[in-house]
Amino acid sequence: MKNTLKLSGLEPLEVGPNTNFVNVGERCNVTGSRKFLRLIKENNYDAALEVAREQVEGGAQILDVNMDEGMLDGKAAMVTFLNLIAAEPDISRIPIMIDSSKWEILEAGLKCVQGKAVVNSISLKEGETNFLQQAKIIRRFGAAVIVMAFDENGQADSYERRIEICKRSYDLLTQRLQFPPQDIIFDPNIFPVGTGMEEHRQNALDFFRATQWIRENLPHAHVSGGVSNVSFSFRGNDRVREAMHASFLYHGIQHGLTMGIVNPAQLEVYEEIPKDLLEHVEDVLLDRREDATERLLEFAETLQTKEKKEGKNLEWREKPVQDRLSYSLVKGIMEFIEEDTEEARQQYDRPLHVIEGPLMDGMNVVGDLFGSGKMFLPQVVKSARVMKKAVAYLLPYMEEEKKQMQRAGVAEKRTKGRILMATVKGDVHDIGKNIVSVVLACNNFEVIDLGVMVPAEKILQAAREHDVDAIGLSGLITPSLDEMVHVAKEMERQQFDIPLLIGGATTSRAHTAVKIVEHYHAPVVHVLDASRCVPVAQQLLSDEHREAFHQNILADYKKVREGYLNRNISKKTVHLEEAREKRPVLEFSAATIKTPNKLGVHVIADFPLSELVDYIDWTPFFQTWELHGKFPKILKDEVVGESAQKLYDDARMKLTELIRNRALRAAAVYGIWPANRVNEDDIQVLSVENASPIATFHTLRQQTEKAAQAPQLALADFIAPKESGVTDYIGAFAVTAGLGLDAIVSRYEQQHDDYNAIMVKALADRLAEAFAEKLHERIRKDYWGYAHDENLSNDALIKERYQGIRPAPGYPACPDHLEKTTIFKLLGAREKIGMDLTESLAMTPAASVSGYYFAHPESKYFGLGKIAKDQVIDYAKRKGITVETAEKWLQPNLNY
């Protein structure tokens, strides 16, 4: 018992020779749970505590807490959350794992926890002095520590490196600090297997061997790891991943694995794995066959589709050569690539054009399939190998062409790109970078890999020394984002003019557009995954395509940065008073105003999703997936029809599943009140009980110059003016179909199932819009009742062939998002159905819709267009805000 690992919250946890595998609860981690991240960002710590409580109730024996996020004060969040946990006995009864890549957060967390915690993690990456200093502080607090297997030279990626670093770390801790050996937990790095790359074949075996060596040679030390990493290559195939996790755990525990993070949703009982599946999985894990990965891929396809094996059906050989090349690349078929490449060479002016044309078109298809979760990483590597064979066939012809150009005195054109790759300073994660490097190399690019933890000055020095054509930066932890910004600034300062590629798990298109692009004039492109690196690199390094590609990227990223594309477009406007004089003249009488059947605020707490299916507008759903066409005609489209039909079938199946398991819920709150137009363009909302003012909606009026008889519209025009003495009415609503969505998406993302994660989000958006349509129908026919005899088809509803409108703040008729605050306050949306607004006034959950109800027969949708400063000043005064604030929110509509 003396050398047993003893941890504790309010209750002790002893990890000894007879202890089973220890499960670490992973959901209180902002990098792994979008729901938890959202709750922390919104300071909703009560709900965040419920996440922790669910982990404990679900069987977690240790609770991992991580607050590393680029836009979050991680230290403050860690301290706040741990202090709150300490006051919850049912949570704090288990030990805490303080998880961060930043020492200041780890140290702050140590000051908050009660009992004996685990610190995750420290390493030798910054040298022995720093390592020992941190360990000394951890020991002073009486905590155990996870030691990562990497040092000053980078991450341990072989058996020898693993045991070398762990032995050195163990000796330093136990001999220099007398650190209790039972309080040392090593993480020897679990890497993916079955990637298709030779150097990854023994990743699992090396981990098992290193684990056994640690337990046998480093007395009383323990071993931990993130199990889901091993199956990353098979994301999208849950059945294979579940079997891999169960088998990996079985063998890991046999070799001495003590604890780790495991997703229960992707874990199967080892004994219940079908024997044929287990054989194929363990052939890969244990590296028992040369062709283990390919056999598992083929077997996985039979599990999913039961289709005929590829290669037996040769009908595709009758298609044009461009289609045959694409098919070979997508399917990874080597058999016919040389003869098809030769046929293509005969059709093109230059061998290079075959590469930049049909071969790259095929790789673009691969990129799209992989990005949507329909291909696995090993298949992409196989596709790259087909590409490499085609390029190798063309290489002699390209060399001969180069010699002819030299004899003719024509300058040599560089056709082979040289790309420098590096994981930025402070980050040791490079699996993704290595995969990208292999895929690039397979496609005839020369790759210079500087490894991990590379400072900016070394990156740029090497770039000059090797005369590279592009730089690729990789990173996983959140501080890497700031380091990438620093590299971009340095490239600009040192007058570089080559493309910069950004990749890694925490990077994003939005971050690249907002934080990096503005600091560097040359192309900066976010590369989503390994399959997209080749087409992106080809475009950027092509003299013919680089400029056009760069301009397209710039245009796309500008849209992210607050609509700069239209910022300087100026249109002729009229004075505000003139615009008001041209308001439409409408009738307000018993003929146009119907007293609502249900006044006041009403809640629909849990609306059946099954009743929304018939109201879905499917056309925007396909647009989300970049399949353009009107539903249902798109299903028969000659170009995208097959893909659209498959997508639609998948969507309907997923929709049925969501309805059946009730994991996704819909709720709404709506209100109808007496109202009148006041102050020219405002709408005063009155109490149902005593007709006293309770709120004011502020509307904006069109100012763009029109034809003489055309009215200048504002939404207030559709409400009777107060001076008329007529009581009119206005409604508002807030609906969501996103309750429970974060948990569903998080589960899919943990399974690396991007396809279904995107699918459920797209469906939730469509259901929210369908709910808004359904509720509006009920308003018109029942709750307000001004169109009680309405009988419209879904197509007619989509075409808005009904009386009344439901415009939403942030959209063309009322672009001011600030008006949402009035709607939400009037409805009590947050308290009643859990909908809320962020500081940028985005609605949460994301799958939500809110807006107004207008009933006047002549009410219609319109676009505000550009407005002049006189209206902005007037609007700011009416709202009681500064002109600067008004300009901020109305910026896309300003005509100055």
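Preceding this section is the structure that the text describes.
Predicted model only: the values in this text are computed from it and were never measured.

1. What about the overall build of the protein chain?
Check the secondary structure of the protein chain and you find 31 helices and 25 strands. Burial analysis of the protein chain (896 residues in total) assigns 56% to the buried set. Within the protein chain, contacts between residues separated by at least 24 positions form 73% of all contacts whose residues are at least 6 apart in sequence. Approximately 39300 Å² of the protein chain is accessible, and the part contributed by carbon and sulfur atoms is 48%.

2. With respect to the sheet that holds strand β17 (residues 524-526)
The strand order β14-β13-β15-β16-β17 describes an open sheet built from five strands, whose pairing is parallel. Each edge of the open sheet is held by one strand with a lone partner, namely β14 (446-449) and β17. Neighbour-to-neighbour, the strand axes of the sheet open up by a mean angle of 20 degrees, direction not taken into account. Against the sheet, helix α19 (residues 509-516) contacts β16 (500-503) and β17, and its axis sits at roughly 155 degrees relative to β17.

3. Digging into the nonpolar core
Membership of the largest hydrophobic core comes to 96 residues, with the highest contact counts inside it found for Trp618, Phe621, Phe622, Leu715, Ile730, Leu775 and Phe854. Tallying contributions element by element places helix α26 (residues 754-783) first for this core, with 14 residues. Core analysis: the second largest hydrophobic core is formed by 90 residues, Met67, Ile98, Ala117 and Val145 among them.

4. Notes on the packing of aromatic side chains
Tallying each qualifying case throughout the model produces 21 aromatic pairs. On the numbers, 4.8 Å between centres and 40 degrees between planes, the contact of Phe208 with Phe248 is tilted. Pair noted here: Phe208 is in helix α8 (residues 203-217) and Phe248 is in helix α9 (residues 238-254), with a separation of 40 residues, a long-range link. By the ring-pair criterion, three or more aromatic residues cluster together here, those being Trp618, Phe621, Phe622, Phe631 and Tyr648. One cation-aromatic arrangement involves Arg317 over Phe336; the distance from NZ or CZ to the ring centre is 4.1 Å. Sitting above the plane of the Tyr397 ring, Arg345 keeps its charged end 3.7 Å from the centroid.

5. Considering unusual backbone geometry
The omega torsion across Asn120 and Ser121 is 15 degrees, close enough to zero to call that bond cis. Checked against the element boundaries, Ser121 lands in strand β6 (residues 118-122). The step from Thr844 to Pro845 runs through a cis peptide bond, and the omega angle for that step is -5 degrees. Relative to the assigned elements, Pro845 resides in the loop between β24 (843-844) and β25 (848-853). Its identity as a non-glycine residue notwithstanding, Asp467 has a phi of 50 degrees, on the positive side. Here Asp467 is to be found in the loop between α17 (456-465) and β15 (470-474). What makes Asp467 partly exposed here is its relative accessible area of 48%.

6. A few points about helix α12 (residues 321-331)
By the burial criterion, the buried members of α12 are Val321, Arg324, Leu325, Ser326, Ser328, Leu329 and Val330. Looking one or two places after α12, you find Gly332, whose phi comes out positive at around 70 degrees.

7. A few points about α8
The terminal C-alpha atoms of α8, which comprises 15 residues, lie 21 Å apart, in line with the 21 Å expected from a rise of 1.5 Å per residue. Along α8, the positions that sit buried rather than exposed are Asn203, Ala204, Asp206, Phe207, Phe208, Ala210, Thr211, Trp213 and Ile214. Looking at the buried positions of α8, the neighbouring elements they touch are α7 (159-176), β10 (184-187), β11 (222-223), α9 and α10 (275-285).

8. Overview of the sheet that holds β11
The parallel open sheet is built from eight strands, whose spatial order is β11-β10-β7-β6-β5-β4-β3-β12. Each of the sheet's edge strands pairs with one partner strand only, and the pair in question is β11 and β12 (259-260). As paired elements, strand β4 (residues 62-66) and strand β5 (residues 96-99) share four bridges and run parallel to each other. Note that in β5 the partner of Leu63 across the bridge is Ile96.

Cut-offs applied
Residues numbered from 1 in each chain as written. Predicted model: local features only at pLDDT ≥ 70, side-chain atom pairs only at ≥ 80, totals over all residues. Heavy atoms only, no water. Helix = DSSP H or I, 4+ residues; strand = E, 2+ residues; numbered from the N terminus. Buried < 20%, exposed > 50% of the residue type's maximum accessible area, 1.4 Å probe, protein only. Contact = heavy atoms within 4.5 Å. Areas by Shrake-Rupley, 256 points an atom, 1.4 Å probe, with all protein chains shown as cover. Pairing = 2+ DSSP bridges. Axes fitted to C-alpha atoms, helices over the stretch in contact; angles between N-to-C directions. Core = buried A, V, L, I, M, F, W, Y, C linked by side-chain atoms within 4.5 Å. Phe/Tyr/Trp six-rings, centres within 6.5 Å; stacked < 30°, edge-to-face > 60°. Lys NZ or Arg CZ within 6 Å of the ring centre and 35° of its normal. Expected span 1.5 Å × (residues − 1).

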